[in-house]
Amino acid sequence: KSEKLLKLQEDIEGSVVSYPKNMPIAIKRAKGSIIEDVDGNQFIDFFGGCGVLNVGHGNDFVLEYVKEQQADLIHALDFPTENKLSLIQKILNKIPEEIQGDYKVSFGGPTGSDAVEAAIKLAKIKTGRDGVIAFSGGYHGMTSGALAVTSDTFFRKKLTSLIPNIHFVPYSYCYRCPFNKEESNCNYDCAKHFEWILETGHSGINIPAAIILEPLQGEGGNVVPKDGFLERIVKIAHKHDIIVIFDEIQSGFYRTGSFLEFMNTKAIPDIITFSKGFGGIGFPISGLIYRKDIEAWKSADHIGTFRGNQVSIAAARGAFDFIEQYNIEEYTKLIGEYLMKKLKDLALDNPFIGEVRGKGMMIGVEFVKDKITKEPFPEFLKKFRSECFQRGLLFEVGGHYNNVLRLVPPLITTHNIINAALEIMKEATVVCMK
Ligand code: PMP
């Protein structure tokens, strides 16, 4: 049945659809961390809807909020509702205590890209400046502004112009340090490059309105920056009155074991974009959390038909309550550590795993031909993914060279499921090494 549906999709849906060809399934239903295809096969879902399904597919607790809300009201544009204001209050109560009271929330359209567009616009309007500095390996979405700050040329090479005055600087990707430094003699040269651009007077780049970066890069390969990097970047940006946008669309909503990843650091951004996991069980939602004192919007400066979707908002409230009631924040840290340790054990027996890194349930495994030269080995990962799929495990691939296995499973994934996934990975390793 899956094959038939895949063929039909190829015939009648735009060829822009993107699903991994070596995971050929049509999905019938899903619950928790398990997906079932139309032929009744079950798969462990470590794809997590690309970091969306933090509380698990079809979470019953959240579904109750959804059912109740949809019986009352689904679409409300920007009119106030108790449902919406209660979500805003929940969000504002979760940011660090020392900045509580200083921030506001606004909702965007249904996707993460909408939030990124809004953040860039707000920074431009507030500063009266043009231009954004973004980071290598960063992914921010597919609409023109969001794509312009996404570094992967694969997505941009067929487009001659996006939005102007975008420049990229290195991200702190220590495994592949752009300055060839070892951790022991690193002096944050990546951050210095950013500083140099702003301060030399000869970089040819005007002071931009904003910088945008992920506090833990997702599509770029689940890259955790070196401790202190974010703080340095924020300090340099603020010295020049540049608005700092942290894109937490993927790293947010408890993915890394904290409500937002920046809360694991001392860096404080001016604008935070959110989406994905905030929609609870996959409902579309996005928005900004931003400092009140950069408020530059006047009513209707930036509008959007679907930003008042009450069911998405109710799902978000449900997901917050679920996380709190079942202490998922703590659980994510513990289960993430467990998964990380097991993957590091697996790496000991696999000469092609160069690095296992991550935080909470956002973990990357980078495949290389040789641990010393670090030459990327996407071919191995491709085969490995296919072998895992055959045995019932789904995951995403990313990174600069498509050589990083990206794990963003539901945060509620149990030890048993993780053990089963690891068994699959072990078997797949043996087959791929032959
Ligand atoms: N920012 C980040 C960090 C993301 O990971 C993504 C999606 N992968 C986006 C923005 C774009 O979100 P969407 O696909 O919903 O537009």
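Residues numbered from 1 in each chain as written. Predicted model: local features only at pLDDT ≥ 70, side-chain atom pairs only at ≥ 80, totals over all residues.

A.B. asks: Looking at this model, I keep getting lost on the overall build of the protein. Mind explaining?
C.D. replies: Check the secondary structure of the protein and you find 12 helices and 15 strands. For the protein, whose C-alpha radius of gyration is 21 Å, the value lies close to the compact-globule estimate of 22 Å for 434 residues. When the backbone C-alpha atoms are referred to their principal axes, the protein occupies close to 60 × 60 × 45 Å. Counting contacts in the protein only where the partners sit at least 6 residues apart, residues at least 24 apart contribute 74% of the total. (Helix = DSSP H or I, 4+ residues; strand = E, 2+ residues; numbered from the N terminus. Rg over C-alpha atoms; globule rule 2.2 N^0.38 Å. Contact = placed C-beta atoms within 7 Å.)

A.B. asks: Looking at this structure, how should I read the pairing of strand S5 (residues 132-135)?
C.D. replies: Alternating residues of S5 divide into Val132 and Ala134 and Ile133 and Phe135, and every residue in both groups is buried. Sheet topology places S5 next to strand S6 (residues 166-169); four bridges connect them, and they run parallel. From the neighbouring strand, Val132 faces S6, where its bridge partner is Ile166. Summarising the sheet, S5 and strand S7 (residues 210-213) pair through two bridges and their orientation is parallel. Its bridge partner being in S7, Val132 is matched across the sheet by Ala210. (Buried ≥ 20, exposed ≤ 12 C-beta atoms within 10 Å, placed from the backbone. Pairing = 2+ DSSP bridges.)

A.B. asks: What am I meant to see in helix H4 (residues 82-94) here?
C.D. replies: Residues spaced three or four apart along an α-helix point in a common direction, a consequence of the helix completing one turn every 3.6 residues. End to end, H4 covers 18 Å across 13 residues, agreeing with the expected 18 Å (1.5 Å per residue, within 8%). If you check which residues of H4 are buried, you get Asn83, Lys84, Leu87 and Ile91. When H4 is viewed along its axis, its buried side chains cluster within an angular range of 95° and face the same direction. Set apart from the buried face of H4 by more than 90 degrees, the exposed residues are Glu82, Leu85, Gln89 and Asn93. (Expected span 1.5 Å × (residues − 1). Arc of directions from axis to C-beta.)

A.B. asks: Sorry if this is basic, but what is going on with the sheet that holds strand S15 (residues 404-407) here?
C.D. replies: Two modes of strand pairing occur in sheets, parallel and antiparallel, and in both the strands are linked by backbone hydrogen bonds. Ordered by their spatial adjacency, four strands build an open sheet running S11-S12-S15-S14, and the pairing between neighbours is antiparallel. The outermost strands of the open sheet, each flanked by one partner alone, are strand S11 (353-359) and strand S14 (396-398). With strand direction ignored, the average angle separating the axes of adjacent strands in the sheet is 25°. Packing of helix H10 (residues 328-348) onto the sheet brings it into contact with S11 and strand S12 (362-367), and relative to S11 it is tilted by some 175°. (Axes fitted to C-alpha atoms, helices over the stretch in contact; angles between N-to-C directions.)

A.B. asks: So what exactly am I meant to see when it comes to the nonpolar core here?
C.D. replies: Generally speaking, a soluble globular protein has its nonpolar side chains buried in company with each other. Counting residues in each nonpolar core, the largest one holds 118 residues, and the members touching the most others are Ala119, Val132, Ala210, Ile211, Ile233, Ile245 and Ala315. Here this core gets nine residues from one element, more than from any other, and that element is helix H9 (residues 310-325). Composition of this core by domain shows at least three residues from each of domain 1 (2-59 + 327-433) and domain 2 (73-325). (Core = buried A, V, L, I, M, F, W, Y, C linked by C-beta atoms within 7 Å. Domains from an automatic or database assignment.)

A.B. asks: Just checking my understanding: could you explain the site of the ligand for this structure?
C.D. replies: Taken together, 15 residues lie near the ligand, and Thr111, Gly112, Ser113, Gly141 and Gln250 sit nearest. In terms of residue count, the dominant contributor to the shell around the ligand is helix H5 (residues 112-127) (three residues). (Near = placed C-beta within 6 Å.)

A.B. asks: Looking at this structure, how should I read the pairing of strand S10 (residues 287-291)?
C.D. replies: On any regular strand, side chains alternate: one points to one face of the sheet, the next to the other face. Across the five residues of S10, four count as buried, placing the element largely inside the fold. Two strands pair when backbone bridges link them, and strand S9 (residues 271-274) and S10 are joined in this way by four bridges, in the antiparallel orientation. Counted as the bridge partner of Thr273 is Leu288 from S10.

A.B. asks: Please explain the sheet that holds strand S4 (residues 103-107) as it appears in this structure.
C.D. replies: Judged by pairing direction, the sheet is mixed, and its seven strands sit side by side in the order S4-S10-S9-S8-S7-S5-S6 without closing on themselves. In the strand order of this sheet, the two ends are held by S4 and S6, each with one partner. Going from strand to strand, the sheet's axes swing by 20° on average, the running direction of each strand aside.

A.B. asks: Looking at this model, I keep getting lost on the confidence of the model for the protein. Mind explaining?
C.D. replies: The predicted coordinates should not be examined in detail at positions where pLDDT is low. With 100% of its residues at a pLDDT of at least 70, the protein reaches an overall mean of 96. Overall fold confidence for the complex sits at a pTM of 0.98, while the interface term, ipTM, reaches 0.99. (pLDDT = per-residue confidence, 0-100.)

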